[in-house]
Structures are given as C-alpha cells and as structure tokens.
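If you want the building blocks of each chain, they are given just below.
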Amino acid sequence: MSTVTSSRRTAPPPAGAADPPRRTGRRQQRIAATVLLTPFTALLIAVFLVPVGYAIYLSLFGEDHSGLGFGGGETVFTGLRSYLAVLQDPSFLSGFGTIALYCVIFVPTVVISALALALLLDSGLIRLRRTSQMLLYLPHAVPGIIAAVIWLYLYTPGLSPVIKLFAQADITVDFLGLHTVLPSIVNIALWSGLGYNMIIFYAALQALPREVIEAATIDGAGGIRTALQVKVPIIRGSVVMVCMFSLIGALQLFTEPMLMNQATPMVNSRFTPNMYIYDAAFRRNNYGLASAASVILLIVTCVLSYAVTRWSGRRERRA
C-alpha cells in the first residue's frame, strides 16, 4: 500500500508587486532629505567652503616689486612662501602661545562656572529661576564690542570707579599690566559667555529622566553626590560640546584685545593670531600672508576640534 503525499506549492508573488510601495517610500525619503539639506548645503558652500577656497588661492600668490620698489607691485605665484614666512615669524608663534595660555584659563573656568550655575538652578535652591536665567543670559545679548568698551572703561586708570574704590582702601590695582591684562580679557569673555553656556547645561539637565534622580535620592545620595555622579555623567555630551565651542571661540579671540591695544602697550598689534591676520591684511596690505595665516589657524582649529571629539568618544566607550 503506497501513500501518496501531495504538496501544494504556493506560487510566489509577482516580482514587482511589493516593490512599488518600497521604492515610493525610499524616493519620498530621499526627496525629503534633499529638501531639508539643501539650505544647509548652500550656506555651507557660500559661507565656509568658498571663503576657505579663496583664502587658499590668495595664500599662493604675492606681490613682487621690481627695481627700487617705487612702481606698482606685480602679482606672482609664490607657492608655499607665505606659509613658510608665517611659520617662521616669532610674533605669529607668540600669538599662539598667548592663545594657549588664554585657553588654559578661560575654557575650564567658563565650563565649570556655567555647569555649577546650571546645577544650582536645576536643584531648586535658587528662587526665581526664570529671573535668574534672564539676568545671567543678559550679558550675552550685549554685542561683544560694546561689552569690551564697558570693561575697558572699568579697567582704565583715572576713569574707572572700581580702581578709585580700591585706591580709597590703599589697594593699587592695574588691570592692564603685564601679568593682569590676560586675566582681564578672560573676565570680559567670561562675563559675556557664562550665561549662554549655562542655558545649554540647564536645558540638558531639564531633559534628564526624573526617575533617575529619584532613584539616586532613594539610594541615599545627597545633592552634591547626585549632581556630580548622576547628572554630570549623563549630560557629558553637552559638556564636551561646550568645551569644543569655547575652545573654537578662544582661538578666534580678537575683539577684546583689539580694543585694549589702544589703551595699553601690553597688547600689541599681533597679540593673537586673528590680530596678526588683521595686521597683515589691513596694515601691511599683504593679503597672501594674511590668507596663509588664516589657513593655518583653520587647520589648528580643525585638528583641536577633532582631538576633543575623539577624546570624548573614547571616554564614552570606556564608560
């Protein structure tokens, strides 16, 4: 006796039956992504890539004067000569030394201070939090050049009411001296940027899940321990972002020392790399040298930003 087993084979669906919906969905996603990225891409090209390309182009050319130099200059291709001149200029290298010392003072101070204020606001120990946020953020709304003029008035002997107040107590203070001019510049930048960075940290803290904070409280963690061991590690991404933005801003330091250049001899015309670029372009009319210095500053900024990003990524993977 034989058993005959019959199997029913289900015919596969046509090849194009399920494809049109998938293709349509992917096409819509690509169109949406293109529409959303087009404004950013256009701004990136117009505001960043085109100026960088033009600066690189200018850095490869220079003006040569024939004879005794009485005639007009001739624009010639100089290659990397401007880059070598910038890297061999002691004033440009000393400007990077000044910026390095400025970063060592400014970046940790602004990050720690802003984070401490944000933690205080988030803890509820400070009353009238909205008013406090507004008052702390208000200096950032003041244009940088106006803030520098205000502080320069407070730093200038004979005009400053602060110096007069110290003088009444037989205390001599020179905010524009050799060893105090850089901390004075740091104070101006700190006054302007503290509230802005505090808002970033406070927004990140407000997004934390409340159950995590409640769990830490139930486990017996106090306010300081909760802030340092629970809140800060969770918002590590915001801390890294503020550190990177503060570092980039520090490398572009220009407004404050440029105004102080008129009030104290301790700040010369090439005090920072940006001031060196301004001096080369608009005082010495050497656009090739200024462009080369700009490209070098851009490379240093990108390298440091990449280093901070890689360092933070390794810390997160270890954690």
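Per-chain numbering applies: the sequence of each chain, read as written, is numbered from 1 onward. Note on the predicted model: pLDDT of at least 70 is required for a residue's local features to be given, and 80 or more for side-chain atom pairs to be given and counted; whole-chain, interface and lining totals, by contrast, use all residues. Only heavy atoms go into the side-chain values, all of them from the structure, while hydrogens and water stay out.

**Remarks on the pattern of salt bridges**
1) Next: By salt bridge we mean one thing: a side-chain nitrogen of Lys or Arg within 4 Å of a carboxyl oxygen of Asp or Glu. Counted by the stated rule, this structure contains 5 salt bridges.
2) Next: Connected via shared salt-bridge partners are Asp-89, Arg-270, Asp-279, Arg-283 and Arg-284.

**A few points about the confidence of the model for the protein**
1) Next: Known as pLDDT, the predictor's confidence for each residue is given on a scale from 0 to 100. Mean pLDDT over the protein: 85, with 89% of residues reaching 70 or higher.
2) Next: Any pair of residues with heavy atoms lying within 4.5 Å of one another is described as a contacting pair. When the criterion is pLDDT under 50, residues 1-7 qualifies, and its contacts beyond four places in sequence or with other chains add up to 0 contacts.

**Looking at the packing of helix α3 (residues 90-123) against helix α10 (residues 236-251)**
1) Next: Where α3 contacts α10, the two axes come as close as 10 Å, and the packing angle between them is 145°. Regarding α3 and α10, the two cross each other, and that crossing is right-handed. Contacts between α3 and α10 involve Ile-99, Tyr-102, Cys-103, Phe-106, Val-107, Val-110 and Val-111 from the first element and Val-239, Val-242, Cys-243, Ser-246, Leu-247, Ala-250 and Leu-251 from the second. Under this scheme, a helix contributes an axis fitted over its contacting stretch, all axes are lines through C-alpha atoms, and angles between N-to-C directions fall in the 0 to 180 degree range. What counts as a helix is a DSSP run of H or I of at least four residues, what counts as a strand is a run of E of at least two, and both are numbered from the N terminus. Crossing handedness is defined as follows: a turn of the near helix away from the far one that is anticlockwise and smaller than a right angle gives a left-handed crossing, while the clockwise case is right-handed.

**As for the packing of aromatic side chains**
1) Next: Each pair of aromatic rings taken from Phe, Tyr and Trp, with Trp reduced to its six-membered ring, is defined by centres within 6.5 Å and is described as stacked if the planes are under 30 degrees apart, edge-to-face if over 60, and tilted in the remaining cases. Within the structure shown, the criterion is met by 11 aromatic pairs.
2) Next: Ring geometry for Tyr-102 versus Phe-106: centroids 5.3 Å apart, planes at 15°, classification stacked. Here Tyr-102 pairs with Phe-106, and both are found in helix α3, just 4 residues apart, close to one helical turn.
3) Next: Exposure categories follow from relative accessible area, calculated using a 1.4 Å probe and restricted to protein chains: below 20% of the type maximum is buried, above 50% is exposed, and the middle band is partly exposed. Overall, the relative accessible area of 8% leaves Phe-106 in the buried class.
4) Next: Look at Trp-151 and Trp-191: their rings are 6.0 Å apart centre to centre, the planes differ by 75°, and that puts the pair in the edge-to-face class. One end of the pair, Trp-151, is in helix α5 (residues 144-155); the other, Trp-191, is in helix α7 (residues 181-206), and 40 residues separate them in sequence.
5) Next: For Trp-151, a relative accessible area of 18% puts it in the buried group.
6) Next: By relative accessible area, Trp-191 is classed as partly exposed at 31%.

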